[in-house]
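Listed below are the residues making up each chain.
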Amino acid sequence: MVCIEALATEYGLIEEEKELIRNRKWIEMIRRGVIFFVLEKMAAVLGVSNPEVYAAFRGETIEQFQATRKVSMKYSVAGGNKVREIDRQ
């Protein structure tokens with residue numbers, strides 16, 4: 001298993017940047033220049049579905065976000081066991 005803290009330190013992230021990752025501050029990462037597709041991959045590694053990220057962008061819970069959709073679903077760019085874990089949530 002990859003230690004996010006160790007990787008963040010290895011790649012020279014400052015404490016503020018590490019805090020954004022720890023607290024899943026998705027929209028703040030976008031505001032600081034992170035490309036969405038990178039967030040999507042990071043979320044998959046962390047076991048967070050795409051709709052959960054979108055809900056966070058809007059300041060909503062996943063339940064609030066799903067209530068605005070015609071069809072409630074969770075999906076991710078994750079593969080293998082990680083996507084099966086997300087599907088069970």
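Each value, and the rule that gives it
Residues numbered from 1 in each chain as written. Predicted model: local features only at pLDDT ≥ 70, side-chain atom pairs only at ≥ 80, totals over all residues. Heavy atoms only, no water. Phe/Tyr/Trp six-rings, centres within 6.5 Å; stacked < 30°, edge-to-face > 60°. Buried < 20%, exposed > 50% of the residue type's maximum accessible area, 1.4 Å probe, protein only. Core = buried A, V, L, I, M, F, W, Y, C linked by side-chain atoms within 4.5 Å. Helix = DSSP H or I, 4+ residues; strand = E, 2+ residues; numbered from the N terminus. Contact = heavy atoms within 4.5 Å. pLDDT = per-residue confidence, 0-100. Salt bridge = Lys/Arg side-chain N within 4 Å of Asp/Glu carboxyl O.

Turning our attention to the packing of aromatic side chains. Summed over the entire model, instances satisfying the criterion amount to four aromatic pairs. Their ring planes at 70° and their centres at 5.8 Å tell us that Phe-36 and Phe-37 sit as a pair that is edge-to-face. By relative accessible area, Phe-36 is classed as partly exposed at 23%. In this structure Phe-37 comes out as exposed when scored by relative accessible area, which is 56%. Ring pairing ties together the aromatic residues Phe-36, Phe-37, Tyr-54, Phe-57 and Phe-65, which thus form one cluster.

What tends to happen in soluble globular proteins is that the nonpolar side chains get buried as a cluster. Residues Leu-20, Ile-21, Trp-26, Met-29, Leu-39, Met-42, Ala-43, Val-48 and Val-53 constitute the largest nonpolar core, which totals nine residues. Looking at this core, the elements with two or more residues in it are helix H2 (15-22), helix H3 (26-31) and helix H4 (36-46). No other element matches H4, which puts three residues into this core. For Leu-20, the contacting residues outside a window of four places in its chain are Lys-25, Glu-28, Met-29 and Arg-32.

Confidence in the prediction of the protein, expressed as mean pLDDT, is 84, and 81% of residues score 70 or more. Per-element confidence in the protein is highest for H3, whose mean pLDDT is 94, and lowest for helix H7 (residues 80-88), whose mean pLDDT is 59.

Further remarks concern the pattern of salt bridges. Tallying each qualifying case throughout the model produces seven salt bridges. We note a salt bridge from Arg-22 to Glu-15, for which the minimum N-O separation is 2.8 Å. The closest approach of N and O atoms between Glu-28 and Arg-31, which form a salt bridge, is 2.6 Å. With a gap of three residues between them, Glu-28 and Arg-31 both fall in helix H3, about one helical turn apart. Owing to a relative accessible area of 59%, Arg-31 belongs among the exposed residues under this scheme. What you see here is one network of salt bridges that share partners, running through Glu-5, Glu-15, Glu-19 and Arg-22.

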